[in-house]
Amino acid sequence: MVGSEGRTIGEFTDDRGIHAIVKVRLIKEADIVARRINVDVHRGVVTLFGRVRSQSERLLAKELVAGVKGVLKVEDRLLVRP
């Protein structure tokens, strides 16, 4: 187990890989201001925190993340703030 999180080393490594891919996809998408979005990954569940400019930006971010291999679920905690 890694720390007090209860994840195995393999799960931790998988989560770090997912995190990196998610951030790259968000950064590469011109219609998303990636620096305003924080990403947390725990056992394949990706939680998005932060602010987006519109509902369409929010939906696009969720779609991009859901398409990453290994992502089991996307939790949306994004706030729409133009």
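Only a predicted model underlies this, so the values are computations on that prediction, with no experimental measurement involved.

A. Quick peek at the pairing of strand 2 (residues 45-52). As paired strands, strand 1 (residues 37-42) and strand 2 are joined by six bridges and run antiparallel to one another. Bridge assignment links Val-39 to a residue of strand 2, and that residue is Leu-48. Hairpin connection from strand 1 to strand 2: two residues lie between these consecutive antiparallel strands, with Arg-43 at a positive phi of about 55°. In this structure, strand 2 lies alongside strand 3 (residues 73-80), joined through eight bridges in parallel fashion. Within strand 3, the residue paired with Val-52 across the bridge is Val-80. A crossover links strand 2 with its parallel partner strand 3, the connecting element being helix 2 (residues 55-66), and its sense is right-handed.

B. Region of interest: the nonpolar core. Residues Leu-26, Ile-37, Val-46 and Leu-48 are the most contacted members of the largest nonpolar core, which totals 16 residues. Looking at this core, the elements that each hand over two or more residues are helix 1 (9-28), strand 1, strand 2 and helix 2. When neighbours within four sequence positions are excluded, Leu-26 is seen to be in contact with Ile-32, Ala-34, Ile-37, Val-39, Ala-61 and Leu-64.

Procedures and definitions
Residues numbered from 1 in each chain as written. Predicted model: local features only at pLDDT ≥ 70, side-chain atom pairs only at ≥ 80, totals over all residues. Heavy atoms only, no water. Pairing = 2+ DSSP bridges. Helix = DSSP H or I, 4+ residues; strand = E, 2+ residues; numbered from the N terminus. Right-handed = clockwise from strand over helix to strand, strands pointing away. Core = buried A, V, L, I, M, F, W, Y, C linked by side-chain atoms within 4.5 Å. Buried < 20%, exposed > 50% of the residue type's maximum accessible area, 1.4 Å probe, protein only. Contact = heavy atoms within 4.5 Å.

Coordinates in, geometry out; function isn't part of it.
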